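Chain and residue survey
Listed here are the chains, written in short residue letters.
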Amino acid sequence: MASNLSSSVYQTSDLIHDFACSPCKDDGLNNEAQFCCGECRKHYCNICVAHHNKLFRKHSVLGKQDLSKWLGYAGHSPIEICDKHGDKKLDMLCEDHDELVCYVCVSLTHRMCQSIKHIPDIAGKVKSTTEFKQFPFNVRLTSSKLQSLSDKTLQNKQSLKDAGKKILAEIKSLRKKLNDTFDELETKTNTILQDQLHDVDEFLQEDIDKCTQLHDKLRTFLEAIQSQQDDTSYIAYRKCKDKMREAESLIQELSVKPDTILTFHSDPKIEQLLSGLNTLGETIAFPCKNTWKYFPLSHVFKVKNISKSIVKMQSDVEGCGLGGICELPGGEILITDFKNNKVKLLDSQYQVTATCD
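Residues numbered from 1 in each chain as written. Predicted model: local features only at pLDDT ≥ 70, side-chain atom pairs only at ≥ 80, totals over all residues. Heavy atoms only, no water.

If you check an unreviewed UniProt entry, the chain appears there as B box-type domain-containing protein from Mya arenaria.

**Quick word on the sheet that holds strand S4 (residues 92–94)**
Sheet strands pair by backbone hydrogen bonding; their relative direction is either parallel or antiparallel. Cut-off, in case you're wondering: In this description, strands pair whenever DSSP reports at least two bridges between them. We count a stretch as a helix when DSSP gives it H or I for four or more residues in a row; a strand needs E for two or more, and each element gets its number in order from the N terminus. Each axis is a line fitted through C-alpha atoms, taken for helices only over the stretch in contact, and angles between the N-to-C directions span 0 to 180 degrees. Here, residues are in contact when the closest pair of their heavy atoms is within 4.5 Å.
The strand order across the open sheet built from three strands is S5-S4-S6, with neighbouring strands paired in antiparallel fashion. One side of each edge strand has no neighbouring strand; the edge strands of this open sheet are strand S5 (99–101) and strand S6 (116–118). Within the sheet, the average angular offset between the axes of one strand and its neighbour, ignoring direction, is 30°. Taken strand by strand, helix H4 (residues 119–127) contacts S4, S5 and S6, and its axis lies near 75° from that of S6. The sheet contacts of helix H7 (residues 230–255) involve S4 and S5, and relative to S5 the element is tilted by about 140°.

**Section: the pattern of salt bridges**
In a structure, side chains of opposite charge can pair up when their charged atoms sit close to one another. Defined as follows: Should a side-chain nitrogen of Lys or Arg be within 4 Å of a carboxyl oxygen of Asp or Glu, the pair is scored as a salt bridge. For the exposure calls, accessible area comes from a 1.4 Å probe over protein chains only, and a residue counts as buried if that area is under 20% of its type's maximum, exposed if over 50%, partly exposed in between.
In the structure shown here, the tally under the stated rule is 16 salt bridges. Across the pair Asp 231 and Lys 89 runs a salt bridge, and its minimum N-O distance is 3.8 Å. Here Lys 89 lies in the loop between strand S3 (61–62) and S4 and Asp 231 lies in helix H7, a separation of 142 residues in the sequence. A salt bridge links Glu 95 to Lys 117; the shortest N-O distance between them is 3.3 Å. Separated by 22 residues along the polypeptide, Glu 95 in the loop between S4 and S5 and Lys 117 in strand S6 bring together distant segments of the chain. On the basis of relative accessibility, which here comes to 38%, the residue Glu 95 falls in the partly exposed class. A single salt-bridge network, built from bridges that share partners, covers Asp 316, Asp 337, Lys 342 and Lys 344.

**Here we look at the state of the cysteines**
Stated precisely, the cut-off is as follows: Here, the term disulfide refers to a pair of cysteine sulfur atoms separated by no more than 2.5 Å.
With the rule as written, the count across this model stands at zero disulfides. The cysteine Cys 102 is free of any disulfide, with Cys 105 supplying the nearest cysteine sulfur at 3.6 Å.

**A word on the packing of aromatic side chains**
The line we're drawing: Ring pairs are drawn from Phe, Tyr and Trp, using the six-membered ring of Trp, whenever the two centres fall within 6.5 Å, and their geometry is named by plane angle: stacked under 30 degrees, edge-to-face over 60, tilted for the rest.
Applying the stated criterion across every chain yields a total of three aromatic pairs. Judged by centre distance (5.2 Å) and plane angle (85°), the ring pair of Phe 135 and Tyr 237 falls under edge-to-face. With Phe 135 in helix H5 (residues 130–176) and Tyr 237 in helix H7, this pair connects stretches of sequence that are 102 residues apart. Tyr 237 matches Phe 135 in its accessibility class, with the two residues each being buried. Centre to centre, the rings of Tyr 234 and Tyr 237 are 6.1 Å apart; their planes meet at 45°, and the pair counts as tilted. With Tyr 234 and Tyr 237 both in helix H7, this residue pair falls three residues apart, about one helical turn. This pair shows no difference in class: Tyr 234 is buried, exactly as Tyr 237 is.

Following this line, the structure appears as structure tokens:
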């Protein structure tokens, strides 16, 4: 199964295979099997079968041309297979639990349920409903939104790379104004920058992966929904409804998520404070993988104006690092300075009036 969301291929994908390679599955990978050994009772991909054949030269290995002779072959589409009982077909609907089941599920889990219906008896009726006819459009619409969000995130990734190059140029320009002592500082600063670029890249890639996986699953189910087989299309329709809820939830989450930005702030006192510095400046990426979980957004705010105030005290050892801020009923501002381990109280003019260690 291919995806137009990303050119990357992941071994640990959620692609649905009729038969998965047994050794790969044991290693947490998801590769399609191309061979089956009845004596080992296992399936193998092209790579694993080579190792098998070296160890068991006398075993009879069957290829795809003998698929009907493979262990576990049931002649069913992967969409029709019961998730709990892999060799059984989903042929019933438990209306009590609103769940697709096979006959083993019924005998083990749904024996006391009052309403168990045979899928062939209800599949044809569902296909004639307005909801079913509208469903492909809704799937395509959701897939389109996922595609747009993925494209937007890819653009954000590229802008971060460009920002990283620009910041690196600023670092190099600043470096020329200083002496050879900057060699070590430049190395440290570049390392921090690359680490942050890597972190935000992974942070954004997670969103792309989520979109890609849901997009692929929705497309697979959509193809089955539009097939001529009532049973298959109904099962795909039921499963696709669950994935649609996941997709809509993801779309809502990512739609309000701002683009990650990367900036660099050089230290204006760097020449005077050279001996006490560890890096050339500070790079900030927000939101990123490590900070996003602390800032869940339900609304996108627009900044109306910006002003700067000095809140550093003579007793402060480090530069101020503000980790929290709130406005009190009387208009005073309370801030936490985590670098100096202090809580500071500001008046309406943003002047520090009291501190608490």
